[in-house]
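# Chain and residue survey
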Amino acid sequence: MSRSLPAPSLAPLIASLWLACAATIAHAEPMTDVHALAQKEQQPLLDTLRDLVSIESGSKDIDGLNQIAERVAGQLKQLGGTVEILHPTDVYRLDDTPETIGPAVHAVFKGTGSKKIMLIAHMDTVYLKGMLKDQPFRVDGDKAYGLGIADDKQGVALILHTVAMLQKLNFRDYGTLTVLTNGDEEISSPGWRSTITKFAADQDVVFSFEGGGTDGTLRLATSGIGSAYLTVHGKSSHAGARPEGGVNALYELSHQVLQMKDLSKPEQGLKLNWTVSKAGTNRNVIPADASAQADARALKVADFDELQKALQEKIKNRLLPDSRVELKFEVRRPPLEANDASRRVAACGKTIYGEIGLSLKVDEKATGGGTDAAFAALKTSGAVVEGMGLSGFGAHSNDAEYVQINSIVPRLYLATRMIMDLSTGKLK
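Residues numbered from 1 in each chain as written. Predicted model: local features only at pLDDT ≥ 70, side-chain atom pairs only at ≥ 80, totals over all residues. Heavy atoms only, no water.

As named in an unreviewed UniProt entry, the chain is M20/M25/M40 family metallo-hydrolase, taken from Bradyrhizobium barranii subsp. apii. Looking at the chain in UniProt, the text filed under Cofactor (unreviewed entry) is "Zn(2+)". (UniProt positions renumbered as here; feature names shortened; annotations may be inferred.)

Structure, rendered in structure tokens:
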């Protein structure tokens, strides 16, 4: 659901909270025990990455997804979590949803405090089985390459080793630390979207460990992705001898697409573009069926609701009364909208990064799309921060996907410190 900006009377309070956070840790030296441990944890994290990359886990490779889920669950159990491998029971069927959905791994670590913190990442990749031989794990200079390493096996590994660092520091001041890694993100999370939303609803903070791009930017907003499917049923007839006996589905489809071409509202980030169409079977046959698909983007959840209503209203106006027009709209990804809680958390993250002499970029403007963090944000009033993962490049590519090794220590330090500061009240 969309979130409105705070009333003007709240602005001084929000500003004071930001200043309080900055004052708490401003000009601080890095916590040497945490930073030193992050340095020691770099090689173990690379070893985990090697193991995860070596398991092929495409979104439709159920055997591979089961294997990687067992690997992740085993490591979380060793770290002391209450762990279960889940199988989906509430599947949101999209146009391209496979019959079987891969598992998710859910772990809960109980502490002595009150704050609820959730860490999410995904185990599946876009790659087909057999492609690992062309992109095995390897280290070349300051880059580690491998199949799915940037999207998102680095995120899974970073979560595992952040939890390991907390354990080694004997830190348990959080209330609960929840980990969820799912196996269907690359196909729009049809099996796990509702679970992510449910688990995130009462969290104080959700950190999503998608990659931080080449510069490690944290993202507080992403655009949503929708799809519209238009189907027209007419009646076939001989195009030369008796065209009047048919109902030309192509004509009706063309009419519908043209009357829907101006539904975009670029000034508010709403876009609808018809991109795929199909009609007819033979040159000399009036087409009985026609279809088209559109790509939709939005910055607010409410904009998708309004767009869907507008589309349904448009199809009532037909060129050919004897035709039948159907429209289906899918919200493949809701938008992630920045809120004040997310801004406060990110501001403290910038200060923490400054302790180790680094600057941290935070983007509140929606760019791109397709993040499970958006599902996490649907029902929570807490902070949701995306891009906590390693810096890297080449996601979804055939031979160039990598992560930057020099981002491992800073990201381990950032994630661990943010959890610690939130748990102890330094980060409000």
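Structure shown, so let's carry the discussion forward.
## Some thoughts on the packing of helix α2 (residues 32-53) against helix α10 (residues 408-423)
For the pair α2 and α10, the least separation of the axes is 8 Å and the interaxial angle reads 125 degrees. Considering the angle they form, α2 stands oblique to α10. Of the two elements, α2 crosses α10, and the hand of that crossing is right-handed. On the side of α2, the interface is formed by Val 34, His 35, Ala 38, Gln 39, Glu 41, Gln 42, Leu 45 and Leu 46, while α10 contributes Ile 408, Val 409, Leu 412, Tyr 413, Thr 416, Arg 417 and Met 420. By residue class, the composition of the contact of α2 with α10 is nine nonpolar, four polar and two charged. (Axes fitted to C-alpha atoms, helices over the stretch in contact; angles between N-to-C directions. Helix = DSSP H or I, 4+ residues; strand = E, 2+ residues; numbered from the N terminus. Parallel < 35°, antiparallel > 145°, perpendicular 65-115°, else oblique. Left-handed = near helix turned anticlockwise from the far one by under 90°. Contact = heavy atoms within 4.5 Å. Nonpolar A, V, L, I, M, F, W, Y, C, P; charged D, E, K, R; others polar.)

## Digging into the sheet that holds strand β14 (residues 383-385)
Pairing is mixed in the open sheet, where six strands are placed in the order β1-β2-β6-β3-β7-β14. The sheet terminates laterally at β1 (82-86) and β14, the two strands that pair on one side only. Across the sheet, the axes of successive neighbouring strands diverge by a mean angle of 15 degrees, strand direction being ignored. Here strand β3 (residues 116-122) pairs with strand β7 (residues 205-208) via four bridges, running parallel. Following the sheet pairing, Leu 119 is matched in β7 by Phe 207. Along the sheet, helix α5 (residues 193-200) contacts β1, β2 (104-110), β3, β6 (176-182) and β7; its crossing angle with β6, the most-contacted strand, is approximately 170 degrees. Against the sheet, helix α8 (residues 340-355) contacts β7 and β14, and its axis sits at roughly 55 degrees relative to β14. (Pairing = 2+ DSSP bridges.)

## A word on the nonpolar core
Considering soluble globular proteins, one finds that nonpolar side chains tend to be buried as a cluster. Within the largest apolar cluster, 73 residues are counted, with the highest numbers of intra-cluster contacts made by Leu 119 and Phe 207. A per-element tally of this core places helix α4 (residues 149-168) first, with eleven residues. Non-local contacts of Leu 119, meaning those with residues more than four positions away in its chain, are made with Ile 159, Val 163, Leu 177, Thr 178, Val 179, Leu 180, Phe 207, Phe 209 and Ile 419. Counting 22 residues, the second-largest nonpolar core is a separate cluster that includes Ala 296, Ala 298, Phe 304 and Leu 327. (Core = buried A, V, L, I, M, F, W, Y, C linked by side-chain atoms within 4.5 Å. Buried < 20%, exposed > 50% of the residue type's maximum accessible area, 1.4 Å probe, protein only.)

## Concerning the packing of aromatic side chains
Tallied over the full model, the rule gives four aromatic pairs. Counting every residue linked through ring pairs, the aromatic cluster contains Tyr 145, Phe 393 and Tyr 402. Here the guanidinium or amino end of Lys 143 rests over the ring plane of Tyr 402, the centre of that ring lying 5.2 Å away. When the ring centre of Tyr 229 is taken as origin, the NZ or CZ atom of Lys 328, which lies over that ring, is 5.0 Å away. (Phe/Tyr/Trp six-rings, centres within 6.5 Å; stacked < 30°, edge-to-face > 60°. Lys NZ or Arg CZ within 6 Å of the ring centre and 35° of its normal.)

## Some thoughts on unusual backbone geometry
In this chain, Asp 151 is followed by Asp 152 through a cis amide linkage whose omega measures 10 degrees. Considering the arrangement of structural elements, one finds Asp 152 in helix α4. Positioned with a positive phi, Asn 170 is a non-glycine residue whose angle comes to about 55 degrees. Following the sequence through the fold, Asn 170 ends up in the loop between α4 and β6.

## Here's the deal with the side chain of Asp 152
Nearest to the buried, unbridged Asp 152 among oppositely charged side chains is Arg 219, at 8.5 Å. In this view, Asp 152 contacts Ala 121, His 122, Phe 209, Glu 210 and Gly 211; residues no more than four positions away in its chain are not counted. (Lys, Arg positive; Asp, Glu negative; His and termini not counted. Salt bridge = Lys/Arg side-chain N within 4 Å of Asp/Glu carboxyl O.)

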